[in-house]
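# Results of the structural survey
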Amino acid sequence: MGRRPVLSAAAVALLLAGCTHSGHGDGTATPKGTASPSASPQASSRPYTLAEAVAPRTRAEAVAFLRGLTVQPDYFGTGYRRRDPYELGPTSWAVLGADCLWRREALPSTVLASLTRSFVRPGSGGSGAVYVSLTVTVHTSIRQARRDMASSLEEPLRCPQERLNATDTVQDMTSRGDPFGEQRNATTDDDLTEFGQYVVAGDAKPRRFDWYKHRLGPVTVAATVRHAAGESEQEQAALTQDALAGVGYVTANVDRYGRNRASAAPSATASPGPSTAPSTEVKGAGDE
């Protein structure tokens, strides 16, 4: 995992306590070779990041980077497996339309590539399935990545209810954004977090919905978690902690890619692949 382990239970509790309501609506074992997600976070002088100088510069390099980036099902906890369809992208991404419906569209000129991977933890013992998706997007510059983060923070304000597809809606979201070193953010250049509910047509009760988005230089890492119906508060907290740990594993891999590329200079730009290499629904399975 590099120099700094991912968020512990204490850090997750701080994250949850620090969130502020914005009044808007919104869709296995510990991974081998990584630190335990229950380890206490350590102080660091800098966040996980990716310098523009060593980031992918062409669409081909960006696609190779995304394809080579390690994202394992067990990053997010026990029992997860690949969902079908497993991947969306890399030449399209999710866009929240004026009608507040998430749909996939072709990438703009400011984005080089975007790839979503989707996972499911099948239901058991009377509980339903849990769905996790993770999207990594390579922007053309840090400036464009920061604009994307700002846009993501604004989107729920204009859409009190966001439709994931024809049957699922997210609502009652609590959100927050933080740069590195402020309040709860101790890992990346800046991040966004939302917690709320998603409602499935025909279901009597809404379910918990989590959404995270982290920026590392010109790269963003976004994840969604759609909880199962009937979870206890303890189960929700555990799923949230596991999901944040999974995002931490991926951001650490991006950071490691950049450090390895920088240490290999001046030949760093010769190999775009990360050194860590060995549906119609959108926010539930795509970049927000």
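To be clear, the structure that these remarks concern was listed above.
Scope of this entry: the structure provided in the associated data block. (Residues numbered from 1 in each chain as written. Predicted model: local features only at pLDDT ≥ 70, side-chain atom pairs only at ≥ 80, totals over all residues. Heavy atoms only, no water.)

Among the five residues that make up strand β3 (residues 92-96), four are buried, leaving the element largely enclosed by the rest of the structure. With five bridges joining them, β3 and strand β4 (residues 102-106) adopt antiparallel strand pairing. Bridge pairing links valine 95 to arginine 103 in β4. Where β3 hands over to β4, the hairpin turn is made up of five residues, of which cysteine 100 adopts a positive phi near 65°. (Buried < 20%, exposed > 50% of the residue type's maximum accessible area, 1.4 Å probe, protein only. Helix = DSSP H or I, 4+ residues; strand = E, 2+ residues; numbered from the N terminus. Pairing = 2+ DSSP bridges.)

Another point: the nonpolar core. In this structure, Phe65, Leu134 and Val136 are the most contacted members of the largest nonpolar core, which totals 40 residues. Taken together, the elements giving at least two residues each to this core come down to α2 (59-68), β5 (111-121), β6 (130-139), β10 (207-216), β11 (219-226) and α4 (233-263). Those residues in contact with valine 136 that sit more than four places away from it in its chain are Phe65, Leu66, Leu69, Ala113, Ser114, Leu115, Val219, Thr220, Val221 and Val250. Judged by nonpolar contacts, the second largest core, of 15 residues, contains Leu96, Cys100, Met173 and Tyr198. (Core = buried A, V, L, I, M, F, W, Y, C linked by side-chain atoms within 4.5 Å. Contact = heavy atoms within 4.5 Å.)

Looking now at the state of the cysteines. Applying the stated criterion across every chain, the model contains one disulfide. Across the disulfide from cysteine 100 sits cysteine 159; the S-S distance is 2.1 Å. Taking the sign of the S-S torsion, about -85° here, the bridge from cysteine 100 to cysteine 159 comes out left-handed. Taken together, the residues cysteine 100 in the loop between β3 and β4 and cysteine 159 in the loop between α3 (142-158) and β7 (162-163) connect sequence positions 59 residues apart. (Disulfide = S-S within 2.5 Å.)

With respect to the helices and strands, threonine 251 occurs in helix α4. Polar side-chain contacts of threonine 251 include one of 3.0 Å to the backbone oxygen of glycine 248. In contact with threonine 251, other than residues within four places in its own chain, are Tyr48, Thr188, His214, Leu216 and Val221. (Polar contact = N/O pair within 3.5 Å; in protein donor to acceptor, adjacent residues only side chain to side chain.)

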